[in-house]
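Next come the chains, spelled out residue by residue.
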Amino acid sequence: MTNNKLAQLILRIGLGINMLMHGLVRLPKLSAFVDKTEAGFAATILPSLLTKAFLYTLPFLELATGILILLGSEFTRWGYFLGGILIAALLLGTTLKEDWNSAGTQMIYVIAFYLALRGLDPATRNRFR
């Protein structure tokens, strides 16, 4: 296995476990997670109903993202894509709250999903050598 393939595997396992566990740990305490997180959006322009609907859906999307990434093959591609879109949605809410520290952390996820997805394309895999 080449160094590039090993690097891609490490990134896939790390992102997959991270997203899987984000979803898994929130499911048993879903209502408490939603109530606590929703309170932080009270001062934004987001309607409470929209915020709650997104927050109730979020752990399931995180869980699905992690599973897709860890399954490998074509599933990984869609997991990376779903993860990137999910982080973009989170960034929207985070920046509306003007929580710039969290937005910075979320940008790291954006970069990780970008690099992971880009690394799946053999034409660009060796670009940064």
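First things first, this report covers the structure right here in the doc. Bear in mind the structure is a predicted one, so any value in this text is a computation, not a measurement.

## A word on the overall build of the protein
Counting secondary structure elements, the protein contains six helices and zero strands. Counting from the amino terminus, the protein carries its helices and strands in the arrangement α-α-α-α-α-α. Its C-alpha atoms give the protein principal-axis dimensions of roughly 50 × 30 × 20 Å. Total accessible area on the protein is roughly 8,000 Å²; 68% of this is exposed by carbon and sulfur atoms.

## Things to note about the packing of helix H1 (residues 3-26) against helix H3 (residues 48-71)
Helix packing geometry: the angle between the two helix axes and the distance between the axes. Relative to each other, H1 and H3 sit at 150°, their axes nearing to 7 Å. It follows from the interaxial angle that H1 and H3 lie roughly antiparallel. For the crossing formed where H1 meets H3, the hand is left-handed. The segment H1 lies against H3, with Arg12, Ile13, Leu15, Gly16, Ile17, Met19, Leu20, His22, Gly23, Leu24 and Arg26 engaging Leu58, Pro59, Glu62, Leu63, Thr65, Gly66, Ile67, Ile69, Leu70 and Leu71.

## With respect to a nonpolar patch on the surface
On the surface, a nonpolar cluster with roughly 460 Å² of combined accessible area is contributed by Ile13, Ile17, Met21, Leu24, Val25 and Leu70. Element by element, the count of residues in the nonpolar patch is highest for H1, at five residues. Locating Met21 in the fold gives a position in helix H1. With relative accessibility at 37%, the residue Met21 sits in the partly exposed group.

## A closer look at unusual backbone geometry
The backbone of Ser73 sits at a positive phi, close to 55°, despite the residue not being glycine. Turning to its location among the elements, Ser73 is positioned in helix H4 (residues 73-96).

## Brief notes about the side chain of Gln8
Take Gln8: it is sitting in helix H1. In this structure Gln8 comes out as buried when scored by relative accessible area, which is 13%.

## Some points on the pattern of salt bridges
If charged atoms from side chains of opposite charge come close, those side chains can pair. Across all of its chains, the model carries three salt bridges by this definition. For Lys52, the salt bridge goes to Glu38, with nearest N and O atoms at 4.0 Å. Here Glu38 lies in helix H2 (residues 30-39) and Lys52 lies in helix H3, a separation of 14 residues in the sequence. For Arg77, the salt bridge identified is with Glu74, shortest N-O distance 2.9 Å.

## Describing the packing of aromatic side chains
Throughout the structure, instances matching the rule amount to two aromatic pairs. The interplanar angle of 85° and the centroid separation of 5.8 Å between the aromatic rings of Trp78 and Phe81 together place this pair among those described as edge-to-face. Residue Trp78 and its partner Phe81 are located together in helix H4, separated by three residues, close to a single helical turn. Taking relative accessible area as the criterion, Trp78 reaches 44% and is therefore assigned partly exposed. The ring of Phe41 has Lys97 sitting right over it, with the charged end atom 4.6 Å from the ring centre.

What counts as what
Residues numbered from 1 in each chain as written. Predicted model: local features only at pLDDT ≥ 70, side-chain atom pairs only at ≥ 80, totals over all residues. Heavy atoms only, no water. Helix = DSSP H or I, 4+ residues; strand = E, 2+ residues; numbered from the N terminus. Areas by Shrake-Rupley, 256 points an atom, 1.4 Å probe, with all protein chains shown as cover. Axes fitted to C-alpha atoms, helices over the stretch in contact; angles between N-to-C directions. Parallel < 35°, antiparallel > 145°, perpendicular 65-115°, else oblique. Left-handed = near helix turned anticlockwise from the far one by under 90°. Contact = heavy atoms within 4.5 Å. Patch = residues over 30% accessible without salt bridge, like charges linked within 9 Å, V, L, I, M, F, W, Y side chains within 5 Å. Salt bridge = Lys/Arg side-chain N within 4 Å of Asp/Glu carboxyl O. Buried < 20%, exposed > 50% of the residue type's maximum accessible area, 1.4 Å probe, protein only. Phe/Tyr/Trp six-rings, centres within 6.5 Å; stacked < 30°, edge-to-face > 60°. Lys NZ or Arg CZ within 6 Å of the ring centre and 35° of its normal.

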